[in-house]
Structure formats: structure tokens, C-alpha cells
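Letter by letter, the chains look like this.
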Amino acid sequence: MQPPGADTVLVRHGELNTKSSKVQGAMERRLIANLQALVADRGIEGEVERRWSRPLIHTSEAQVDAAVEAAASAPGVVSASAAVVVPAEREPIEDALVRAAREHYDAGAFAVRGRRADRDVPFDSEDVQRFGGTAIWESVEDEFEPEVDLDDPDLEFFVEIRDGQAFIFLEKVSGPGGLPVGTQQPLVALISGGIDSPVAAFEVLRRGSPIVPVYLDLGDYGGVDHRERAVESVRTLASYAPNYEFDLRVVDAGETVDLLAQTFEEGRMLAFRRYMYRLAEHVAEETGAVGIVTGEAIGQKSSQTAMNLGVTSRATDLPIHRPLLSVDKQELIERAKDIGTYSTATIPAGCNRFAPDQAETHGRAATIEAREPDDLFERAERDAADAEVLALGRGVDPV
């Protein structure tokens, strides 16, 4: 919902404001570049302007909703609003509010929310709320009986004053928050294409880390469309940061999986995870990534018990980041739906065919190491080097 004449997107970030001026400035510049990439990638004609703590996207009224949606998908953005911009003077503000009320206010209670970040104007936020509310009331009182409710209104009119301008808007569209992509170092993301791993990858994206996605093809133990759903999941993740490369490394792990299936029963999943982590370590060395991210959560699977996580983590010296460690499955499903990866994640993974009949829930490192093939880590290095690379991101920075 937008006020008449809205052709500007007011973008808000949150955590950046807690940084030092130098760090905030650097992060804002990165956010501006990311926003410009999103606007260009979605075919929106617009220009991103950097303003301290409030970036702006200047576009047309016809495309302002699309620009809001683009801004609200950018990691680092807390919320975005389609706004009409007028001089920070009483009469233009009243006129803009009246136009918005005549188009959108036809019954129920309303409230005017004022915010003044410009001390040079001759009125404060309470004055804006008072004269703005009066203007709206008088513009509609001949048609119906208006009502003001500051606690639980049916419709809110926002006025934010800064830099000699007043931004009038009607809603705030929530963004992912966090930090702009590119403000932290990259991480290798192990992507299965299931529900959890793409969500975990998105969580580190929204903390500023670009990802290097890796998918392990299980060969005969993989399900139909197993690979394709991983590819589509990475494509979806790439849409949140189109100016970064999302080169998916597809690893042919079928031979190793088959060997593990033949080598031992109980504990084979732990050996496989150790192989995955060592493989991811080699990818990190190649790409400059500084850690590994997975979708594991304590107790979600037998291989993910608290004890087993300790056993598998020993396979690499890199930190293994598990942003979903304590998140319930239903919450993960909702997050996957929110970021758009759920629909491609519901095809059976197929890896259940690799899981043994008797699961190991209390694995011990010495026991697993003694059972696994002597060349397991050599296989990980070889398979990482032989991975097929699919370029799924545009990777072009507009600035």
C-alpha cells in the first residue's frame, strides 16, 4: 500500500547503526551496491542514493512496489517503505496526508506517527501528529465519522522528516535484517537441497558472509531430481545477492558413498559427514573461505546427536557454523517458505537409502576412524578437485 505519488523507497537498516562511524560508512556503501544490484537484476528502473542511516531508491510510481520488494529482500535491511517526498513544511505535509487519506482511509480508526530527525524544522514529531491528524480528520469527516486510536489503529500514516524533506508512507515492509552481504568473509555451504541446508546458508548470508555452495551427488543412493533441487535452491539464494558469484560445486561422491555402504553398517553416516567436512575444507582452501556452514540441528537426525556432532567436527580444523543448531523443525519449515526454498525441498532426498538400519547415536572418534577407509580423506581431496562448477549467480557488482 502506497500513498499517491510515491516514487521513493525509504530503506532502514538496524545493526549497522551500532557500529563505529567508519565501519558503518563502509557497510552502508556495501549495502548501496547490493541494493543497486537487486534493482538492476529485477529490471527496475531506479537509482539508489546513499544517505546516512536511510538509503533511498528513486524510481517511478509504477515500479515503487517492486523496488520496495527488492529492498526488503536485501540482507542488512530491516524494513522498506514506498514514500511520497515533500518539503519539510506543514502545508505540503498536510496535503500529502490528505491525498493519502482520500485514497486509502474509508472507515475505522487511524493514527499519525511522526518522526523528526531534522532539528532545523520549526515543529517536532508531536506537532506533526497533531496537525497531520487534524488534516486527515477534516478531509473525511463529511463522508464518515473518523476515529483516532493511537494504540491499535486500522490504518497508520507515517511522516518521517530528515534532511529538509518529509517522507510520507503507509506501511513498513519487513526485511531480513542482519548485515549486508560482503561485509564478512565467505563460508563454504554444504547444500543438500533439503529444507535445512538452504536455510542455514541464508542465515549466514544475512550475517554478511557470501557462500561457496557445495553439493554432493550420492550416485545410486541419491533420489530422482536430487541434484536439480539443490541447483534450484542455490539459484534462489543467489537472487538475494545477484552481485555475488554463486558457483555451485557438484561433487561426484557416489563411489565413496558406495564404498562406505559396503565397508560398515553402524556409524557409516558419521564417516560420510567426516568426508564431507574434509572435502569442504579443500574447497575453502581453494576459494578463500574461512569456515563451513551446515543445516545441522541437535538431535534432528541420529548422526546429529550432541555426541556425534563432536565426532564429525574433528575431521576439519575449520570452524563448522551451525546457525540452526537449536531451531525446531517446524520453524525451519516456515523459514524455508519465507525465503522461497521450501517448494523445491520437499522431494525425498534419497539419502535415506544410504542410512543404515542400525543408527549410531553415541559415536566415538577412535571407533569411527578405525572403521572408515584409510583413504577417506584422500578421496575427499580428490573429489573436491574434480568437482563440476556451475555458475548460478550473475556476480556483477554495479559499482
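Our subject is the structure that appears above.
Everything numeric in this text was worked out from a predicted model, so none of it was measured.

A. Broad picture of the overall build of the protein chain. A tally of helices and strands in the protein chain yields twelve helices and 15 strands. In terms of overall dimensions, the protein chain has a C-alpha envelope of 80 × 40 × 35 Å along the principal axes. Counting all 399 residues of the protein chain, 55% fall into the buried class. In the protein chain, the share of contacts with a sequence separation of at least 24, taken over all contacts with a separation of at least 6, comes to 81%. Just so you have it, the protein chain exposes about 17500 Å², and 44% of that area is on carbon and sulfur atoms. Measuring between centres, the 41 positive side-chain charges of the protein chain sit 6 Å from its 70 negative side-chain charges.

B. Region of the structure containing the pattern of salt bridges. Going through the model one piece at a time under the given rule, you end up with 25 salt bridges. Linking Arg 206 and Glu 203 is a salt bridge whose minimum nitrogen-to-oxygen distance equals 3.5 Å. For Glu 203, a relative accessible area of 16% corresponds to the buried category. Note that Arg 227 and Glu 388 form a salt bridge whose closest N and O atoms lie 3.2 Å from each other. Remark: Glu 388 occurs in strand 15 (residues 388-391) and Arg 227 occurs in helix 6 (residues 226-238); sequence separation between them is 161 residues.

C. Spatial organisation of unusual backbone geometry. With a phi close to 75°, Ser 53 is a non-glycine residue in the positive phi region. One non-glycine residue, Asp 163, lies in the positive phi region at around 55°. Assignment of secondary structure puts Asp 163 in the loop between strand 7 (155-162) and strand 8 (165-169).

D. How the structure looks around the environment of Val 98. As for its placement among the helices and strands, Val 98 is situated in helix 3 (residues 90-104). Under the relative-accessibility criterion, Val 98 is labelled buried at 15%. For the pair formed by Val 98 and Ser 139, sequence separation is 41 residues and the distance between their alpha carbons is 6.3 Å. When sequence neighbours within four positions are dropped, the list of residues in contact with Val 98 reads Ala 135 and Ser 139.

E. Summary view of the side chain of Ser 73. Along the chain, Ser 73 falls in the loop between helix 2 (64-71) and strand 4 (77-87). For Ser 73, the side chain forms a polar contact with the main-chain oxygen of Ala 70, separated by 2.7 Å.

F. Spotlight on the sheet that holds strand 13 (residues 292-293). With respect to topology, six strands assemble into an open sheet ordered 14-13-10-11-12-15, the strand pairing being mixed. Either end of the sheet is taken by a strand with one partner, and the two such strands are strand 14 (320-321) and strand 15. Pairing geometry for strand 11 (residues 211-217) and strand 12 (residues 247-252), over four bridges, is parallel. Within strand 12, the residue paired with Leu 216 across the bridge is Val 251.

G. Expanded view of the nonpolar core. Ranked by size, the top nonpolar core spans 34 residues in total, and within it Ile 191, Ile 211, Leu 237, Phe 246 and Leu 248 carry the most contacts. Residues in contact with Leu 248, not counting those within four places in the same chain, are Pro 213, Val 214, Tyr 215, Val 231, Val 234, Glu 388, Val 389, Leu 390 and Leu 392. Ala 253, Ala 271, Val 283 and Val 311 belong to the second-largest nonpolar core, a separate cluster that totals 33 residues.

H. Representation of helix 1 (residues 21-41). Between its first and last C-alpha atoms helix 1 spans 30 Å; for 21 residues at 1.5 Å apiece the expected length is 30 Å, and the two agree. The first or second residue beyond helix 1 is Gly 43, which carries a positive phi of 70°.

I. Local environment of the packing of aromatic side chains. Within this structure, the stated rule accounts for eight aromatic pairs. Residues Tyr 105 and Phe 157 carry aromatic rings whose centres are separated by 6.4 Å and whose planes lie at 80° to one another, so their mutual orientation is edge-to-face. Separated by 52 residues along the polypeptide, Tyr 105 in the loop between helix 3 and strand 5 (109-116) and Phe 157 in strand 7 bring together distant segments of the chain. You can call Tyr 105 buried: its relative accessible area is 3%. Under the relative-accessibility criterion, Phe 157 is labelled buried at 0%. Here the aromatic rings of Phe 202 and Tyr 240 are separated by 4.9 Å at their centres, their planes lie at 65°, and the arrangement is edge-to-face. Note that Phe 202 is positioned in helix 5 (residues 196-205) and Tyr 240 in the loop between helix 6 and strand 12, a separation of 38 residues in sequence. Judged by relative accessible area, Tyr 240 falls into the buried class, the value being 13%. These aromatic residues form a ring-pair network of at least three members: Tyr 105, Phe 110, Phe 144 and Phe 157. Taking NZ or CZ as reference, Arg 278 lies 3.9 Å from the ring centre of Phe 377, over its face.

J. Molecular detail of the side chain of Ser 303. Mapping Ser 303 onto the fold places it in the loop between strand 13 and helix 9 (306-313). At a separation of 3.1 Å, a polar atom in the side chain of Ser 303 contacts the side chain of Arg 273. Beyond its immediate chain neighbours, meaning those up to four positions away, Ser 303 contacts Met 269, Leu 270, Arg 273, Asn 308 and Leu 309.

K. Main features of a negative patch on the surface. Side chains of Glu 145, Glu 147, Asp 151, Asp 152 and Asp 154 sit close together on the surface and give a patch of like negative charge. With respect to the element layout, Asp 154 can be found in the loop between strand 6 (147-148) and strand 7. Judged by its relative accessible area of 61%, Asp 154 is exposed.

How each quantity is defined
Residues numbered from 1 in each chain as written. Predicted model: local features only at pLDDT ≥ 70, side-chain atom pairs only at ≥ 80, totals over all residues. Heavy atoms only, no water. Helix = DSSP H or I, 4+ residues; strand = E, 2+ residues; numbered from the N terminus. Buried < 20%, exposed > 50% of the residue type's maximum accessible area, 1.4 Å probe, protein only. Contact = heavy atoms within 4.5 Å. Areas by Shrake-Rupley, 256 points an atom, 1.4 Å probe, with all protein chains shown as cover. Lys, Arg positive; Asp, Glu negative; His and termini not counted. Charge placed at Lys NZ, Arg CZ, Asp CG, Glu CD. Salt bridge = Lys/Arg side-chain N within 4 Å of Asp/Glu carboxyl O. Polar contact = N/O pair within 3.5 Å; in protein donor to acceptor, adjacent residues only side chain to side chain. Pairing = 2+ DSSP bridges. Core = buried A, V, L, I, M, F, W, Y, C linked by side-chain atoms within 4.5 Å. Expected span 1.5 Å × (residues − 1). Phe/Tyr/Trp six-rings, centres within 6.5 Å; stacked < 30°, edge-to-face > 60°. Lys NZ or Arg CZ within 6 Å of the ring centre and 35° of its normal. Patch = residues over 30% accessible without salt bridge, like charges linked within 9 Å, V, L, I, M, F, W, Y side chains within 5 Å.

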